[in-house]
Amino acid sequence: MLRATILGTAVLLTITGCARVADSRFNPLNWFGSSQEAPVTATGEIRPLVDQSRRTVVVEGRALVQTVDALAIDRTPAGAIVRATGTAPTQGYYNAQLVNAGINNGVLTLQFRAQAPSGFEAEGTPRSRSISAAYVIGTADLSSIRTVRVESATNARTSRR
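Residues numbered from 1 in each chain as written. Predicted model: local features only at pLDDT ≥ 70, side-chain atom pairs only at ≥ 80, totals over all residues. Heavy atoms only, no water.

Q: So what exactly am I meant to see when it comes to the overall build of the protein chain here?
A: The helix and strand tally for the protein chain stands at 2 helices and 9 strands. Starting at the N terminus and ending at the C terminus, the protein chain contains elements arranged as α-β-β-β-β-β-β-β-α-β-β. A total of 161 residues make up the protein chain; the buried ones form 32% of that total. Within the protein chain, counting contacts between residues at least 6 apart in sequence, those at least 24 apart form 66% of the total. On the protein chain, roughly 10500 Å² of surface is accessible, and the fraction owed to carbon and sulfur atoms is 55%. (Helix = DSSP H or I, 4+ residues; strand = E, 2+ residues; numbered from the N terminus. Buried < 20%, exposed > 50% of the residue type's maximum accessible area, 1.4 Å probe, protein only. Contact = heavy atoms within 4.5 Å. Areas by Shrake-Rupley, 256 points an atom, 1.4 Å probe, with all protein chains shown as cover.)

Okay, structure coming up:
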C-alpha cells in the first residue's frame, strides 16, 4: 500500500513537472510581456493638464523625449507601474513624466515628456542623455486597459497583455 502511494506520487510529480509555468498567465513576469517598437503617430496637439471645466488651465510646455528605449510594466497590489527609459536630445533634461494622453479602445497612451535645459546644450554620450519616468495605473483603470503605448518624438513602444 505504501509502495503504491509513493509510486503514484512520484508519477504525479513527474507529470506536473512537465507543465510550462514559465509560459503561462500565472507567471508574473509574463503579465504584460516585453515591449516592442511601434510607429509614431504625430498629433501636433498639446493637451492641457486640467479639464476645461476648471478655471485655471495649464498647458503642457515640456518637449517629447527624443526616443523611448525601454518599457516595462510591473504589477503592484494597487494596479501597475509603467516604467520607461528614453534618450533626450542633449544633456540636462529634467522633470521627466509619462503624461496620460487618454485611453482609446483599451490602449492607454502615455507621452514621455521632459523639461529642456535652459542655456546648457552639450550633446554628450547616449548614456549621459538617458532619462527615466514612471506612471501608476490604478486597479479601476487597469481593468479596461489591454495595451500600454509610450510615445516619444521619434518612436513609440507598446506592451500588451
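Q: Explain the side chain of Arg-113 to me, please; I cannot follow it from the model alone.
A: Of note, Arg-113 is situated in strand β6 (residues 107–115). Only 2.6 Å separates the side chain of Arg-113 from the backbone oxygen of Arg-62, close enough to count as a polar contact. Polar side-chain contacts of Arg-113 include one of 3.1 Å to the side chain of Gln-111. Not counting chain neighbours up to four residues away, the residues in contact with Arg-113 comprise Glu-60, Arg-62, Ala-63, Leu-64, Val-65, Asn-95, Ala-96, Gln-97 and Val-99. (Polar contact = N/O pair within 3.5 Å; in protein donor to acceptor, adjacent residues only side chain to side chain.)

Q: Got a minute to help me understand the confidence of the model for the protein chain in this structure?
A: When pLDDT drops low, the exact placement of atoms in the prediction is not to be read closely. When pLDDT is averaged along the protein chain, the result is 82; 75% of the residues meet or exceed 70. Mean pLDDT per element in the protein chain: helix α1 (residues 2–16) is the minimum at 70, and strand β4 (residues 79–87) is the maximum at 95. (pLDDT = per-residue confidence, 0-100.)

Q: When you look at the sheet that holds β4 in this model, what are you seeing that I'm missing?
A: The strands making up a sheet are joined through hydrogen bonds of the backbone, oriented either antiparallel or parallel. Spatially, the 3 strands line up as an open sheet ordered β3-β4-β7, and their pairing is antiparallel. On the outer flanks of this sheet lie β3 (67–76) and β7 (130–138), each paired with one strand and no other. Strand-to-strand, the axes of this sheet are offset by a mean angle of 15°, without reference to chain direction. (Pairing = 2+ DSSP bridges. Axes fitted to C-alpha atoms, helices over the stretch in contact; angles between N-to-C directions.)

Q: In this structure, what is going on with the nonpolar core? I would like to understand it.
A: Grouped together as the largest cluster of nonpolar side chains are 22 residues, with contacts concentrated most on Val-82, Leu-98, Leu-110, Phe-112, Ile-137, Val-148 and Val-150. Among the secondary structure elements, those contributing two or more residues to this core are β3, β4, β6, β7 and β8 (147–151). Counting residues per element, this core draws most heavily on β6, at 4 residues. Beyond its immediate chain neighbours, meaning those up to four positions away, Val-148 contacts Phe-32, Leu-71, Ile-73, Val-82, Leu-108, Leu-110, Ile-137, Arg-157, Thr-158 and Ser-159. (Core = buried A, V, L, I, M, F, W, Y, C linked by side-chain atoms within 4.5 Å.)

Q: I keep staring at unusual backbone geometry and nothing clicks. Help me out?
A: Among all residues except glycine, the phi angle is most often negative; among peptide bonds, the trans geometry is most common. Phi at Asn-95 takes a positive value of approximately 55°, unusual for a residue other than glycine. Mapped onto the secondary structure, Asn-95 falls in strand β5 (residues 94–104). Assessed through its relative accessible area of 47%, Asn-95 is described here as partly exposed. Even without being glycine, Asn-105 reaches a positive phi, approximately 55°. As for its position among the elements, Asn-105 is in the loop between β5 and β6.

Q: Explain the pattern of salt bridges here, please?
A: Two side chains of opposite charge can pair, provided their charged atoms sit close to one another. Inspection of every chain in the model, using the stated rule, returns 3 salt bridges. A salt bridge links Glu-37 to Arg-157; the shortest N-O distance between them is 3.2 Å. On the criterion of sequence distance, the pair formed by Glu-37 in strand β1 (residues 36–38) and Arg-157 in strand β9 (residues 156–160) is long-range, its members being 120 residues apart. Across the salt bridge formed by Arg-149 and Glu-151, the nearest N and O atoms sit 3.0 Å from each other. On the accessibility criterion, Arg-149 (13% relative accessible area) is buried. The class of Glu-151 is buried, set by a relative accessible area of 8%. (Salt bridge = Lys/Arg side-chain N within 4 Å of Asp/Glu carboxyl O.)

Q: Mind showing me how you'd approach the pairing of β8 here?
A: Regular strands have side chains that alternate between both faces of the sheet. For β8, a buried count of 5 out of 5 residues is recorded, marking the element as mostly surrounded by other parts of the structure. Burial along β8 is two-sided: the face carrying Thr-147, Arg-149 and Glu-151 and the face carrying Val-148 and Val-150 are both buried. Bridge count for β6 against β8 is 5 bridges, and the pairing is parallel. Among the inter-strand pairings, Gln-111 is bridged to a residue of β8, identified as Glu-151. With 5 bridges joining them, β8 and β9 adopt antiparallel strand pairing.

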